[in-house]
Amino acid sequence: MRFSQFSFRLSEHRRELFAVIVTNAIPLVGVGVLGWHISALVVLYWIELAVLFLFAILRALFAGRRSELDTAGLIIGILSNRRASLSIPRTDIVIRLSSIPVVLIAIPVLTAVWFAVGMVTIGVVGADRLGDATYELIVLASFGMVLKETAQLVGGYLSQGAYTEHSAQTAIRGPFVRGGLLFVGGLVIVMMAALGSNSIATDTPISELDPTLVGTPVLIGIVLIKFGFDLAGVFREQLTEFDESTAMTFGWAYEPPTVESVNTTLTGEVTCIRPDWRGRLVGGGMNLSRHGGVLKLTASIWLVALLFATGQLWTVVAVIAAVGVILPLLLVSVDYWLRFGAVEYRTDGTAIVAYDRLFDHALWRIEPWDETDLTVERDRLDDSLDTYTIVMTLLDDSTVRLPHVADPEPLLGVFDRRADGVQV
């Protein structure tokens, strides 16, 4: 980037940059010149982090793009491929199914990060010495933060359509990184302050450190981290361009996946084929070996049962052992039914369209030239049900399975070559 271009863009953001510098300098000036209470400011920054986390969760919930999840993941992987959503009445805003697991995971994680940040910030600055009047000001300032974030959520994020550029993951990423940096930075600052002072014993707990020694460094560290994130917000476009122009990826140019529509047009006579109902009913249990994570869960539960067996608590052992069998089977059965239970395959001889009747939308469309490998398999369940499982490898090396189909010929007829494996 040329210097003239940099100077031009710097002048573009002059007002924003000035506001960021002044806003972040006020706490330091207040402490150094006006005698503001360091503990009160640190507590206020900690509460601000909680507000940021709360509204990050709300932004994630209303994010307009789907989250990138492991498609092979148990149950969660299904939601990543389903474009179904819950509509907010009288608005164009929806809650996407793929956002829900991200939010459910983020809530305890962000809560843990918030408490961890509190341990290395307000836990060492003597916040317990604040008076009632100071607490009243903190509550008032916190209320103002909530109003500000509410206005930005409703006015900017939802009303102006900014949510359409975010997934649940991108909505949470920024506040999560900030919280992580505050924890690591606070921990490093406290340790350095403790090691650099001869008046503090090496075995002194963090909660018993002298607030006058560590309060100012902690506050400066918090302000610098916040200043860095505010600067990143001002120069986000430039950071995105830099990210796109370098071989290293820092995440600024990341674009969440969009929701792509599936062409469901079939011009000829349409044949609808569904997996055998018996296969849909028990297919999950027969595919237990495909889910290594579930097998690890079973082993973990049985290990707990073994520990109770050493104490001869046989009733508890029996209950835990039963859970170790029932819970994995239940999980894989639910996963299997959500993947295949309500899916039907529509074909007119020129293409196959998979349609999910439960979520009422098309999942994918496969043309004859989309596959690189076509195989017909029969497992023990197929043998007992007299059905077939069609396995297709696509151009992107992904695999699509059409399990327990009683009459596979209309589906195989779409392709120009004979399938490998079992002959129909």
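Quick look at the structure, then. On a predicted model such as this, the values are computed, not experimentally measured, just so you know.

## Observations regarding the overall build of the protein chain
Here comes step 1: Summing up its helical and strand segments, the protein chain has 14 helices and ten strands in all.
Here comes step 2: Looking at the 424 residues of the protein chain, the share that counts as buried comes to 42%.
Here comes step 3: Restricting to contacts in the protein chain with at least 6 residues of sequence separation, those with at least 24 account for 68%.
Here comes step 4: Approximately 23700 Å² of the protein chain is accessible, and the part contributed by carbon and sulfur atoms is 63%.

## Overview of the environment of Arg357
Here comes step 1: Mapped onto the fold, Arg357 is located in the loop between strand S5 (352-356) and strand S6 (361-366).
Here comes step 2: If near-sequence neighbours (up to four positions away) are discounted, Arg357 is found in contact with Arg274, Arg280, Gly341, Ala342 and Glu344.

## Observations concerning the side chain of Asp356
Here comes step 1: Relative to the elements of secondary structure, Asp356 occurs in strand S5.
Here comes step 2: Within the structure, the side chain of Asp356 is placed 2.9 Å from the backbone nitrogen of Leu358, a separation counted as a polar contact.
Here comes step 3: Excluding residues within four positions of it along the chain, Asp356 makes contact with Arg82, Leu338, Ala342, Val343, His361 and Leu363.

## Remarks on the sheet that holds strand S4 (residues 343-347)
Here comes step 1: If you trace the four strands from one edge of the open sheet to the other, you get S3-S4-S5-S6, paired in antiparallel fashion. Strand pairing shows two members of the sheet lacking a second neighbour, strand S3 (271-273) and S6, which therefore form its edges. Going from strand to strand, the sheet's axes swing by 25° on average, the running direction of each strand aside.

## Quick notes on the sheet that holds strand S10 (residues 420-421)
Through backbone hydrogen bonds, the strands of a sheet pair up, either in parallel or in antiparallel fashion.
Here comes step 1: One open sheet accounts for four strands, arranged S9-S8-S7-S10; its pairing is mixed. Edge positions in the sheet fall to strand S9 (399-405) and S10, since each has one partner strand and no second.

## Here we look at the packing of aromatic side chains
Here comes step 1: Taken as a whole and assessed by the stated rule, the structure comprises five aromatic pairs.
Here comes step 2: Judged by centre distance (5.0 Å) and plane angle (55°), the rings of Tyr336 and Phe340 are tilted. Here Tyr336 and its partner Phe340 are both found in helix H12 (residues 314-341), four residues apart, which amounts to about one turn of the helix. Summarising the burial analysis for this pair, Tyr336 and Phe340 share the class buried.
Here comes step 3: Here the aromatic cluster, defined as three or more aromatic residues joined through ring pairs, consists of Trp46, Trp114 and Phe115.
Here comes step 4: The lysine or arginine in question, Arg346, covers the ring of Tyr355, its NZ or CZ lying 4.1 Å from the ring centre.
Here comes step 5: Above the ring of Tyr388, the side-chain terminus of Arg378 is found at 4.5 Å from the ring centroid.

Reading guide: rules and limits
- Residues numbered from 1 in each chain as written.
- Predicted model: local features only at pLDDT ≥ 70, side-chain atom pairs only at ≥ 80, totals over all residues.
- Heavy atoms only, no water.
- Helix = DSSP H or I, 4+ residues; strand = E, 2+ residues; numbered from the N terminus.
- Buried < 20%, exposed > 50% of the residue type's maximum accessible area, 1.4 Å probe, protein only.
- Contact = heavy atoms within 4.5 Å.
- Areas by Shrake-Rupley, 256 points an atom, 1.4 Å probe, with all protein chains shown as cover.
- Polar contact = N/O pair within 3.5 Å; in protein donor to acceptor, adjacent residues only side chain to side chain.
- Pairing = 2+ DSSP bridges.
- Axes fitted to C-alpha atoms, helices over the stretch in contact; angles between N-to-C directions.
- Phe/Tyr/Trp six-rings, centres within 6.5 Å; stacked < 30°, edge-to-face > 60°.
- Lys NZ or Arg CZ within 6 Å of the ring centre and 35° of its normal.

Don't take any of this as a statement about function, it's just geometry.
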